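Survey of secondary and tertiary structure
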Amino acid sequence: MLSPDYREAAFQRLGSEQFDVVVIGGGVVGAGCALDAATRGLKVALVEARDFAAGTSSRSSKMFHGGLRYLEQLEFGLVREALHERELSLTTLAPHLVKPLPFLFPLTKRWWERPYIAAGIFLYDQLGGAKSVPPQHHLTRAGALRLSPGLKRSSLIGGIRYYDTVVDDARHTMTVARTAAHYGAVVRTSTQVVSLLREGDRVTGVGVRDSENGATTEVHGHVVVNATGVWTDEIQALSRQRGRFHVRASKGVHIVVPRDRIVSEAAIILRTEKSVLFVIPWGTHWIIGTTDTDWNLDLAHPAATKADIDYILAQVNTVLVTPLTHDDIDGVYAGLRPLLAGESDDTSKLSREHAVAVPAPGLVAIAGGKYTTYRVMGADAIDAAAEYIPARVAPSITEKVPLVGADGYFALVNQAEHVGAAQGLHPYRVRHLLDRYGALIREVLDLAADDPSLLEPISAAPIYLKVEAVYAAAAEGALHLEDILTRRMRISIEYPHRGVDCAREVAELVAPVLGWSDSDAAAEVASYIARVEAEVLSQTQPDDASADALRVSAPEVRAEILEPVPLE
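What counts, and where the lines are drawn
Residues numbered from 1 in each chain as written. Predicted model: local features only at pLDDT ≥ 70, side-chain atom pairs only at ≥ 80, totals over all residues. Heavy atoms only, no water. UniProt positions renumbered as here; feature names shortened; annotations may be inferred. Patch = residues over 30% accessible without salt bridge, like charges linked within 9 Å, V, L, I, M, F, W, Y side chains within 5 Å. Areas by Shrake-Rupley, 256 points an atom, 1.4 Å probe, with all protein chains shown as cover. Salt bridge = Lys/Arg side-chain N within 4 Å of Asp/Glu carboxyl O. Helix = DSSP H or I, 4+ residues; strand = E, 2+ residues; numbered from the N terminus. Buried < 20%, exposed > 50% of the residue type's maximum accessible area, 1.4 Å probe, protein only. Arc of directions from axis to C-beta. Contact = heavy atoms within 4.5 Å. Axes fitted to C-alpha atoms, helices over the stretch in contact; angles between N-to-C directions. Parallel < 35°, antiparallel > 145°, perpendicular 65-115°, else oblique. Nonpolar A, V, L, I, M, F, W, Y, C, P; charged D, E, K, R; others polar. Pairing = 2+ DSSP bridges. Phe/Tyr/Trp six-rings, centres within 6.5 Å; stacked < 30°, edge-to-face > 60°. Lys NZ or Arg CZ within 6 Å of the ring centre and 35° of its normal. Core = buried A, V, L, I, M, F, W, Y, C linked by side-chain atoms within 4.5 Å.

If you look the protein up in an unreviewed UniProt entry, it shows as Glycerol-3-phosphate dehydrogenase from Mycolicibacillus koreensis. Entered under Cofactor (unreviewed entry) in the UniProt record, the comment concerning the protein runs "FAD". Per its UniProt entry, the protein bears the Catalytic activity (unreviewed entry) comment "a quinone + sn-glycerol 3-phosphate = dihydroxyacetone phosphate + a quinol".

Shown next, in the form of structure tokens:
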């Protein structure tokens, strides 16, 4: 449990113990590296400058998928690997978080397209050995329109239904990190790496700074793993050694609209001139995206522009009976894909394969890849790191290690009515909690044992219960209002007010847990509102430069992050 007390103890341990592996980065790959190393019996530290999934790992298309379009690029190995991981997570590792999802692929060309796409989807199903989702099903135009009445009749001549999955990426990443901590890893957010330590030419650890209070310490490890995604080159620069690869940031923007704006029983995948567009059901909303453009500005806060949003609307409106407008949008988010730099200028053509390199003795870097393949990436990174660990290193076993909350999940789903009756909750509320916490639901509900009012909905965000905010601070490592409203819960993209209308209520709920004074809580609320205002304003700008300038003007909720200090 990542409680405030755990955090204090973790800082002491970071500065006083010798670790086998020090992982930099609290995204899904860093968390996956920490879990892989910990379950091999290694002593592990994981440090993250901001929050779990604060970067790319909270801003994906919310799918565990093989990447149907990568088949056209003949990346069969990548697709096979990703689909194997999809199946593992769906059935064993994270069934409480990763859910099957039907997709409609609308067909628009006569004669050749149906057999071509059918062959691709057949290969897609076969490569993944999909056992837990149905195979493809062919539809006439009438059948496709029954599945998705919101599509224009003229936009398709038929369709194919196939299956992929949907996942709350930020919750999943945090759960991977919690699982690593469960197996003994020392896991700490708001802990920025400001230097690399070395003896001779060998990297032997990192210097870190607490982003909350400015405290510093040194963390010693036999090997350091750089799993920082789009920040890979920045950490690499600390070693003053030339990296073996470079990471290029590609911006992907998504919009979030209410579920009633598009009438469909399935997700929709649309081919565009540049790539593909996904229309994905997300609770009471649809997520629509994405874009694919180079980004060379602030890595922490990529900004969506009006041009990005106009592009997504224009693409999806070509097929919708009732066009979407800017007024329909409840949320917008932008993320950066960490692509391995290649020769092509077209980022959508760059390989999504990952790479592992040893740019300096004792320093391992991993980058590229897809969210879905985080577990394989973690295993590959620790395999490379094993060379620098004096003791024998066991092989990876994470394909057999369910994430916390997975064990007992299926039984609890069947018991939802009984659990609800005992707590005075409607079964749909219990299922909502199970799909966020799995078997950890008992920990969540226990927090309301002495205060039943915590089982009431948050007034301006009734999808969530008050106890969920308290649990985020008490057990999930959330330190700031932004962590809770943006990542532990997705209020910042699920309501038109973007979390502003419930910021005060949530701050008051978590203040006792996090030790906030009235002025601390007021500062958190003010900072969050300023962030939302900057984001909303940036989304009216015509280009990246002007949107970025507005977004970075918002105050940082964590203490000012200093420039890293290179090795002398």
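This is not the end of the story, as more comes after the structure.
1. A few points about a nonpolar patch on the surface
Taken together, Trp111, Trp112 and Tyr116 make up a surface patch of nonpolar side chains, about 470 Å² in accessible area. Looking at where Trp111 falls in the secondary structure, it is placed in the loop between β3 (98–107) and α5 (113–128). Residue class for Trp111 comes out exposed when judged on its relative accessible area of 81%.

2. Quick word on helix α12 (residues 416–423)
All of the buried residues along α12 are Ala416, Val419 and Gly420. In an axial view of α12, the angular spread of the buried residues amounts to 100°, which keeps them on one side of the axis. Exposed and facing more than 90 degrees away from the buried side of α12 are Glu417, His418, Ala421 and Ala422. If you follow the buried residues of α12, they end up packed against α11 (409–414), α13 (427–437) and α14 (441–446). After α12 finishes, the residue Gly424 shows a positive phi value of roughly 75°.

3. Brief notes about the packing of α12 against α13
The contact between α12 and α13 brings their axes to 8 Å, and the two run at 110°. The orientation of α12 relative to α13 falls into the category roughly perpendicular. Judged by residue contacts, Ala416, Glu417, Val419 and Gly420 of α12 engage Pro427, Val430 and Arg431 from α13. Of the residues belonging to the contact of α12 with α13, the class tally is four nonpolar, one polar and two charged.

4. What about the UniProt feature "domain: Alpha-glycerophosphate oxidase C-terminal" (unreviewed entry) in the protein?
The positions that UniProt labels "domain: Alpha-glycerophosphate oxidase C-terminal" (unreviewed entry) are, in the present scheme, residues 396–519. Between the end C-alpha atoms of residues 396–519 the distance is 47 Å, and the span holds 54% helix and 6% strand.

5. Overview of the pattern of salt bridges
Inspection of the entire model under this criterion finds 34 salt bridges. Here Arg531 ties to Glu535 by a salt bridge, and the two come within 3.4 Å at their closest N and O atoms. Taken together, the positions of Arg531 and Glu535, both in helix α19 (residues 518–538) and four residues apart, correspond to about one turn of that helix. Put simply, Asp51, Glu212, Glu482, Asp483, Arg487, Arg488, Arg531, Glu535, Arg551 and Arg558 are held in one network by salt bridges that share partners.

6. Description of the environment of Arg161
Here Arg161 is to be found in strand β5 (residues 158–167). Its relative accessible area of 21% is what places Arg161 among the partly exposed residues. Sequence-wise, Arg161 and His138 are 23 residues apart; in three dimensions their C-alpha atoms are separated by 6.4 Å. Filtering out sequence-adjacent residues up to four positions away, Arg161 remains in contact with Pro102, Phe103, Pro134, Pro135, Gln136, His137, Leu139 and Leu147.

7. Concerning the pairing of strand β15 (residues 331–340)
Most of β15 sits inside the fold, with 10 of its 10 residues counted as buried. Of the two faces of β15, both are covered, the one formed by Gly331, Tyr333, Gly335, Arg337 and Leu339 as well as the one formed by Val332, Ala334, Leu336, Pro338 and Leu340. Two strands pair when backbone bridges link them, and strand β10 (residues 247–258) and β15 are joined in this way by 10 bridges, in the antiparallel orientation. Its bridge partner lying in β15, Gly252 is registered against Gly335.

8. Things to note about unusual backbone geometry
Here the bond from Gly289 into Thr290 is cis, since omega is 25°, no more than 30 degrees from zero. With respect to the secondary-structure elements, Thr290 resides in the loop between β13 (285–289) and β14 (293–294). Positive phi, close to 60°, is recorded for Ala53, a residue that is not glycine. Here Ala53 is to be found in the loop between β2 (44–47) and α3 (68–72). Note on Ala53: relative accessible area 1%, which makes it buried. Look at Ser190: it is not a glycine, yet its phi comes out positive at around 50°. With respect to the element layout, Ser190 can be found in the loop between β6 (186–188) and β7 (191–199).

9. Structural notes on the packing of aromatic side chains
A full pass over the atoms with the stated rule returns seven aromatic pairs. A centroid spacing of 5.9 Å and a plane angle of 80° characterise the contact between Phe64 and Tyr371, whose relative ring orientation is edge-to-face. Remark: Tyr371 occurs in the loop between β17 (363–368) and α10 (374–385) and Phe64 occurs in the loop between β2 and α3; sequence separation between them is 307 residues. Here Phe64 and Tyr371 have matching classes, each one buried. Every member of this aromatic cluster is reached through a ring pair, and the members are Phe64, Tyr371 and Tyr374. Here the basic side chain of Lys62 rests over the ring of Trp282, its NZ or CZ set 6.0 Å away from the ring centre.

10. Thoughts on helix α16 (residues 481–488)
Burial runs high along α16: eight of the eight residues are buried. Every buried residue of α16 is accounted for by Leu481, Glu482, Asp483, Ile484, Leu485, Thr486, Arg487 and Arg488.

11. With respect to the nonpolar core
Counting 49 residues, the largest nonpolar core has Ile458, Leu481, Ile484, Leu485, Ile491 and Val510 as its most contacted members. Once residues lying within four places of it in the same chain are set aside, the contact partners of Leu481 are Ala503, Val506, Ala507, Trp516, Glu524, Val525 and Tyr528. Counting 45 residues, the second largest nonpolar core, distinct from the first, contains Ala34, Leu46, Val133 and Tyr374.

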